[in-house]
Amino acid sequence: MCRTRKTMVSRKRLLSPLEKCSARRMLFGPVDPEQLQKEYQDALSRDLELACHRWGFDFRSEEPLAGGDFQWERVPDTNVPLPYRPCLVGLGGAQGVGGLADMSVQVGLSQCGKESPPCTPEKYTAKLQDVETTPDKENGLKRKQTDLTDFYQAKKRVVDTPRKSGQ
Amino acid sequence: MDLLCLEMDTIIRARPDPNILCDDRVLQSLLNIEERFIPQCSYFKCVQKDIQPFMRRMVATWMLEVCEEQKCEEEVFPLAMNYLDRFLAVEPTKRCNLQLLGAVCMFLASKLKETRPLTAEKLCIYTDNSIRPQELLDWELVVLGKLKWNLAAVTPNDFIEHIVRKLPLPEGKLVLIRKHVQTFIALCATEFNFAMYPPSMIATGSVGAAICGLQLDSGNQSLWGDSLTDLLAKITNTEVDLLKECQEQIERVLVSSLREGRQQQQQQEQQQQVQHGPSSKTVDEPDQASTPTDVRNINIYRE
C-alpha cells in the first residue's frame, strides 16, 4: 500500500509546491478594468507609433512620413487582391472608399533591411517567368482545374503587372 | 434524409511522421533557428521594475496547473512560457497584469498547438474572473505585436523525438522516458534560470536527466555517465561541459521542487493534525518524507 501511495505522487505535486487546490485563483490581486483599458490603448498607440516610424508611414492619416527609409506610391485599390482593399463597414462597403487608394512601397537597393527584404522588380520578374511557364507545360490538355502554381502567380503579380486577379 | 454524426468526443492526433522525425535536416533546421526565439535579455535586471522572479514562478505554476487540468498538449505550456518570457524581455509590465499576460500566452499557444484550444471564457474563470474575455482578446493583440506575430517558436519538446530515436534505449521504456523528459522540460519552463538556454540544450539535458534518473538497467555502456553525455552532446551539437551543467541544474531543480512539495505536504498534515488530532494515518508520514529523491518512485503519468 505504501508503495502505491508513493507512486501516486502526481506531477502536479511535483511541480506545484505553491498551491495544492484547484487552479482557479487570482494571483496578484484584482485588476482595475479602467486602468487596464487605458494601458491597452496606450500599448496599441505605442505599437502604432513604432510601426509608423519603422515604415515611414503615418497609418492614422494614411500619409507617408517625410524622411523615411521607404518611398511610398499610390496604386488604385482595384490592383490589389480583395483582402487588402480597405472596407469601411457601414459606409456602403467598398464603393464608399473608391476614392482611396492603397500605397505600394518601393525600396531603393541600399535600404533592403533584414526584415522581409523587398525584392527588386528585376528579381521579381525573372522569378515570375520561371513560374509562369510551369502550368502551360502541364496544361496541354483542356483541364480547367486550378494548380497550386496558379495561385503563386496571382500573388506575385500584384505589384508589377497590373493584371487584376479574378478577371 | 437525416444526417447522423458519429464523430466521437475524442481528439484525433496525427501519427508521428517518420519523414519529419527521421530526417536530420529537420533537426538541423531546428538547431539553426532556435536562437531566434530565446528572450534577448535577463529581463528582471534590465526591463522589469515591478515584477520579481518569484512572481514569474507563481504565474508559471498557475499556468502549468491550468494546462494540466485542461489536459492541454504537452508543448502548450513550454510554448506559452516562451511567449511570456519574450514579452517580458521587451515590455515593462506591472505585477497586476502578469496573470492576464499568462492567460493570453496560454490562449495563443493553445490556439497554435491544439485541435480544441482553450477558450477565452475558460481562461478568465481560471483567473477567478479577475479579467474579462474582452480584455483577454484585447491584450492578445498587444502580445502578438510584441512577439512580432512570430508564434511558431522552437520549444524543447520539438527535440525529444529527434534525440530519443538516436539512443539505444529499451523499447519498452520509451513511453516512460518520454513522459519523464516532458516533465523535466515543464519543470525547466517554470524556472527562470532556463529561460535563456537554447531549447535543444534543455531537451538534451532533460533526456540525460531522465535516463540517469530511471537508472535503466540495460547492459548498454553508452547509456552510462560520461558516455551518455558525450553521445547526447553530439546529437544536438551542444558543448559537453554546458550540457553536464544543464543536466545537473535540472536535477537540482527537481530535488528542490520535490523537497518543497514534501514540506508543503507536511505543513498541511500538521494543520490537519492540529484540527483533527493525531491519527494512524499521520504516523507513517515521516517515513515518506525521509524517502530519498528517486524519480522512479514518482508516477508522472497523467490520469
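Residues numbered from 1 in each chain as written. Chains lettered and ligands numbered in written order. Predicted model: local features only at pLDDT ≥ 70, side-chain atom pairs only at ≥ 80, totals over all residues. Heavy atoms only, no water.

(A) Region of the structure containing the overall build of chain A. In terms of helices and strands, chain A carries 5 helices and 4 strands. Counting from the amino terminus, chain A carries its helices and strands in the arrangement α-α-α-β-β-β-β-α-α. Counting the 167 residues in chain A, one finds 23% classified as buried. Summed over its atoms, the accessible surface of chain A is roughly 12100 Å², and 57% of this surface lies on carbon and sulfur atoms. (Helix = DSSP H or I, 4+ residues; strand = E, 2+ residues; numbered from the N terminus. Buried < 20%, exposed > 50% of the residue type's maximum accessible area, 1.4 Å probe, protein only. Areas by Shrake-Rupley, 256 points an atom, 1.4 Å probe, with all protein chains shown as cover.)

(B) Highlighting the overall build of chain B. Looking only at helices and strands, chain B features 15 helices and 0 strands. The long-range share in chain B, meaning contacts at least 24 apart out of those at least 6 apart in sequence, stands at 79%. (Contact = heavy atoms within 4.5 Å.)

(C) Region of interest: the confidence of the model for chain A. Predicted confidence across chain A gives a mean pLDDT of 62, with 39% of residues reaching 70 or more. Counted against residues more than four places away or in other chains, residues 1-20 of chain A, with its pLDDT under 50, gives 63 contacts. (pLDDT = per-residue confidence, 0-100.)

(D) Quick look at the pattern of salt bridges. Across all of its chains, the model carries 22 salt bridges over all chains by this definition. Across the salt bridge formed by Arg46(A) and Glu91(B), the nearest N and O atoms sit 2.8 Å from each other. Remark: Glu91(B) occurs in the loop between helix 5 (76-88) and helix 6 (98-113) and Arg46(A) occurs in helix 3 (residues 33-55); the pair is interchain, linking two chains. In this structure Glu91(B) comes out as buried when scored by relative accessible area, which is 9%. Across the salt bridge formed by Arg57(B) and Glu260(B), the nearest N and O atoms sit 3.6 Å from each other. In this pair, Arg57(B) sits in helix 4 (residues 53-69) while Glu260(B) sits in helix 13 (residues 240-276), placing the two residues 203 residues apart along the sequence. Here Arg57(B) falls in the partly exposed class, since its relative accessible area comes to 24%. Put simply, Arg46(A), Asp47(A), Glu91(B) and Lys146(B) are held in one network by salt bridges that share partners. (Salt bridge = Lys/Arg side-chain N within 4 Å of Asp/Glu carboxyl O.)

(E) Up close: helix 12 (residues 225-235) of chain B. All names here are of chain B. All buried positions along helix 12 are accounted for by Leu228, Thr229, Leu232, Ala233 and Ile235. Across the axial projection of helix 12, the buried residues extend over an arc of 155°, all falling on one side. The first or second residue beyond helix 12 is asparagine 237, which carries a positive phi of 55°. (Arc of directions from axis to C-beta.)

(F) Molecular detail of the packing of aromatic side chains. Applying the stated criterion to the full structure yields 8 aromatic pairs over all chains. Plain terms: the ring middles of Tyr43(B) and Phe44(B) are 4.7 Å apart, the flat faces sit at 50° to each other, and that makes the pair tilted. The class for Tyr43(B) is buried, based on a relative accessible area of 0%. Overall, the relative accessible area of 15% leaves Phe44(B) in the buried class. Ring plane angle 65° and centroid distance 4.9 Å describe the contact between Tyr43(B) and Phe192(B), whose orientation is recorded as edge-to-face. On the criterion of sequence distance, the pair formed by Tyr43(B) in helix 3 (residues 43-46) and Phe192(B) in the loop between helix 10 (174-190) and helix 11 (199-214) is long-range, its members being 149 residues apart. In this pair, the class of Tyr43(B) matches that of Phe192(B), namely buried. In this structure an aromatic cluster arises from ring pairing among Phe57(A), Phe59(A) and Trp72(A). (Phe/Tyr/Trp six-rings, centres within 6.5 Å; stacked < 30°, edge-to-face > 60°.)

(G) Quick look at the packing of helix 5 of chain B against helix 10 of chain B. Residue and element names in this part refer to chain B. Where helix 5 meets helix 10, the axes come as close as 9 Å, and the angle between the chain directions of the two elements is 20°. Compared by their axis directions, helix 5 and helix 10 come out roughly parallel. Remark: the crossing between helix 5 and helix 10 carries left-handed chirality. Residues Phe77, Pro78 and Met81 of helix 5 pack against Ile185, Ala186, Ala189 and Thr190 of helix 10. Among the residues forming the contact of helix 5 with helix 10, the class breakdown is 6 nonpolar, 1 polar and no charged. (Axes fitted to C-alpha atoms, helices over the stretch in contact; angles between N-to-C directions. Parallel < 35°, antiparallel > 145°, perpendicular 65-115°, else oblique. Left-handed = near helix turned anticlockwise from the far one by under 90°. Nonpolar A, V, L, I, M, F, W, Y, C, P; charged D, E, K, R; others polar.)

(H) Broad picture of the side chain of Thr93(B). Residue and element names in this part refer to chain B. Examined against the element boundaries, threonine 93 turns out to sit in the loop between helix 5 and helix 6. Within polar-contact distance, the side chain of threonine 93 engages the backbone oxygen of glutamate 91 at 2.8 Å. When residues no more than four places from it in sequence are discounted, the contact partners of threonine 93 are Gln48, Asp50, Ile51, Phe87 and Leu88. (Polar contact = N/O pair within 3.5 Å; in protein donor to acceptor, adjacent residues only side chain to side chain.)

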